[in-house]
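Breakdown of the fold
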Amino acid sequence: MIALYNTEQVYQIEKAWFAQGHDSFALMQQAAWQCVQRIIHAVQQKPQTKRACVWVGHGNNGGDGWLISHYLQKLGWQVTTVVMSADSLLDMDDMLDASDSDAHKAQRIARQHRDNFHVFQQEARDALAVHLAADVYVDALFGIGFDRAPTAQAAHTIGAFNHYAAQHQALKVAIDVPSGVVAQTGQVFDGVAIRADITLCLVARKQGLHTKDALDYIGRVTDIPLVPHSDSVPNAWLLSQAYPFAARQNNSHKGSYGHVLIVGGNRIDGSQGMGGAAILAASSAMAAGAGKITVACHDAFHGAVLTSLPDAMTLDVHDTQGVRGLIQSAQVVAIGMGLGRDATAEHLFQAYVQTAMEHQVALIIDADGLYHLATLDKKAPDFVQALKAYAQRHSVRFTPHSGEAARLLHTEVASIEQNRFAAIRKCAQHYGGDWLLKGAGSLVLEEDVLYVCAVGNAGLASAGMGDVLSGVNAGLMAQQDLDTDQRSLRQAVLLHGMAGDTLTQTDIPATWRIGQRGLQAQDMPAVIRHEMTTLSE
Ligand SMILES: NC(=O)C1=CN([C@@H]2O[C@H](COP(=O)(O)OP(=O)(O)OC[C@H]3O[C@@H](n4cnc5c(N)ncnc54)[C@H](O)[C@@H]3O)[C@@H](O)[C@H]2O)[C@@H](O)CC1
């Protein structure tokens, strides 16, 4: 797994390196030289490619850019350097002094050899355009220092970079982080960021590159580690490879693979029903290998459940005595998918979770279950505290998207989206247990270790996909013969994402292939089964 770092950690790694006596400007030179090597490698199929347009900002990322301009120039490339703002320009008559920043040293070196650059001005953008023909566009405007909404100047420069790079069909190479992407969080403000083909990530892989908006801007990421830092503990890990499954014992029976109880699929009188949520969860739990499934849903949906999944048993979700009895014999209760949000559903949720805790049954709380949990956090804090204490000793998984997480933390969705890494940690601190924060580049916090999921695609953004994920989660958790990793929350998230990717790949048999648009939750269970098989071979 690739280690992911937050920006403070990256600055810390650099600081520790300098504290050992290494020179910071030497590191910048090394960074720039290695970037140049990667750029040359990227265009090796087109040896005639020797025109670059390098856009530089005023921080150290810009320093990298000045040196990249200089080195490419030395290698015989035709280079145009575009400076974001005249404020960062040095007076070349001033002598170099000891207090010169690395970025200034870099600029000085580049300009001493060839004092030729253009300052970007939005008003004079068309006049500049004649100088901007190039095969490679290098983005050295901002790196990890970019931490807020862009100023007008920054936004105009980023916009112009994207515009002219597209006009010249240039390869777009971002140095360290595409400018406009916040390396800490993956956030992009109002779509203003460089759309890179390649991101050359310096020192350590930034956590924000793999989640949220960043996924649309990073292109292919290549690491340039520069300094050894294996002793630094990463903030998160990038998940891309599921664990293989062990073969089943010959001498086993359905009881060996666990009993999943799905509690959801309710219908509130006078409103629409949500039986499909329970059906999707149950089919997916079965596809993930659970031994037995019972679906506790509104009895209006029992026929539909049995039609689509004859292997399941059904029970009325309002039959509290019956459901409580079944909870005792289940390995896992997955509760909330289409459970409804009225007072009766809230009462059922609290009663069933209470019973699961009394009988030490593993829990997955999703969808309307999370809605009730947020309400009970205010209304019945003792219950929520008891669940938190229970989650310290037993497996409890919470699987919100940003909206549900916002409700659970009694805040706005925007504040979750601003920093999903912080939000998932807050959720776990408040409620205990293991967490999945769904969305592009889903985050998983399991046993206090943070992961970012690198599989899955926008096709999974459709109704019912969360129910499928809860089912996969429950199905894996129920199988006691599997080891901890194979039953883990991260394994469920990977399986779900991999199934989505398989369905939308272009190089698979036509019978399986579905595009991202139109991919349906009901397409998933069969492919989840296929992924399980692939992982078992
Ligand atoms: N010597 C070193 O420490 C090394 C640093 N390196 C480079 O240095 C970069 C980090 O440099 P810096 O810390 O100087 O940061 P940056 O160069 O990323 O940007 C810092 C500047 O951007 C401004 N800024 C931040 N957000 C803004 C916004 N929204 N709109 C407009 N201006 C904004 C800041 O006020 C600051 O002036 C790395 O990403 C990497 O590219 C590499 O050269 C490796 C070695």
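Residues numbered from 1 in each chain as written. Predicted model: local features only at pLDDT ≥ 70, side-chain atom pairs only at ≥ 80, totals over all residues. Heavy atoms only, no water.

Looking at an unreviewed UniProt entry, one finds the chain named ADP-dependent (S)-NAD(P)H-hydrate dehydratase, with Psychrobacter aestuarii as its source organism. Reading the Subunit (unreviewed entry) entry of the UniProt record for the chain gives the comment "Homotetramer." (UniProt positions renumbered as here; feature names shortened; annotations may be inferred.)

Within the largest apolar cluster, 54 residues are counted, with the highest numbers of intra-cluster contacts made by Ile-335 and Leu-387. The element that contributes the greatest number of residues to this core is helix α10 (residues 343-358), accounting for eight residues. Aside from chain neighbours lying at most four places away, what touches Leu-387 is Val-353, Met-357, Leu-363, Ile-365, Leu-373, Val-396 and Phe-398. With 50 residues, the next largest nonpolar core counts Tyr-5, Val-188, Cys-201 and Val-203 among its residues. (Core = buried A, V, L, I, M, F, W, Y, C linked by side-chain atoms within 4.5 Å. Buried < 20%, exposed > 50% of the residue type's maximum accessible area, 1.4 Å probe, protein only. Helix = DSSP H or I, 4+ residues; strand = E, 2+ residues; numbered from the N terminus. Contact = heavy atoms within 4.5 Å.)

What follows concerns the sheet that holds strand β7 (residues 198-202). Taken in spatial order, the seven strands make up an open sheet running β4-β3-β2-β5-β6-β7-β8, and their pairing is parallel. Where the open sheet ends on each side, the last strands, each with one partner, are β4 (118-119) and β8 (220-224). Two elements, strand β3 (residues 78-83) and β4, share two bridges in a ladder whose sense is parallel. Residue Val-82 lies in a different strand from β4, and its bridge partner there is His-118. The strands touched by helix α6 (residues 152-167) within the sheet are β2 (51-56), β5 (136-140) and β6 (171-175), with β5 carrying the most contacts at an inclination of about 165°. (Pairing = 2+ DSSP bridges. Axes fitted to C-alpha atoms, helices over the stretch in contact; angles between N-to-C directions.)

Below, the discussion takes up the domain arrangement of the chain. The domain architecture assigned to the chain consists of domain 1 (2-234) and domain 2 (254-536). Here the C-alpha centre of domain 2 lies 42 Å away from the C-alpha centre of domain 1. If you look at the interface, domain 1 gives ten residues, while domain 2 gives ten residues. Inspection of the region where domain 1 meets domain 2 yields one salt bridge. The residue Glu-417 makes a salt bridge to Lys-212 at a minimum N-O spacing of 2.7 Å. Seen at the junction of domain 1 and domain 2, the total is four residue pairs in polar contact (both at pLDDT 80 or more). Partitioning the side of domain 1 that touches domain 2 into residue classes produces two nonpolar, seven polar and one charged. (Domains from an automatic or database assignment. Salt bridge = Lys/Arg side-chain N within 4 Å of Asp/Glu carboxyl O. Polar contact = N/O pair within 3.5 Å; in protein donor to acceptor, adjacent residues only side chain to side chain. Nonpolar A, V, L, I, M, F, W, Y, C, P; charged D, E, K, R; others polar.)

Before going further, it helps to spend a moment on unusual backbone geometry. Phi at Asp-176 is positive, roughly 75°, even though this residue is not glycine. Locating Asp-176 in the fold gives a position in the loop between β6 and β7. Unusually for a residue other than glycine, Ala-367 sits at a positive phi of about 45°. Note on placement: Ala-367 falls in the loop between β14 (362-365) and α11 (368-379).

A few words now on the site of the ligand. Near the ligand there are 24 residues, and of these Tyr-11, Asp-64, Gly-143, Arg-148 and Asp-176 occur at the shortest range. Contacts to the ligand include Asp-64, whose side-chain N or O atom sits 2.4 Å from an oxygen atom. Between a nitrogen atom of the ligand and a main-chain N or O atom of Asp-147, the distance comes to 3.4 Å. Class assignment of the residues belonging to the shell around the ligand gives a composition of ten nonpolar, eight polar and six charged. (Near = heavy atom within 4 Å.)

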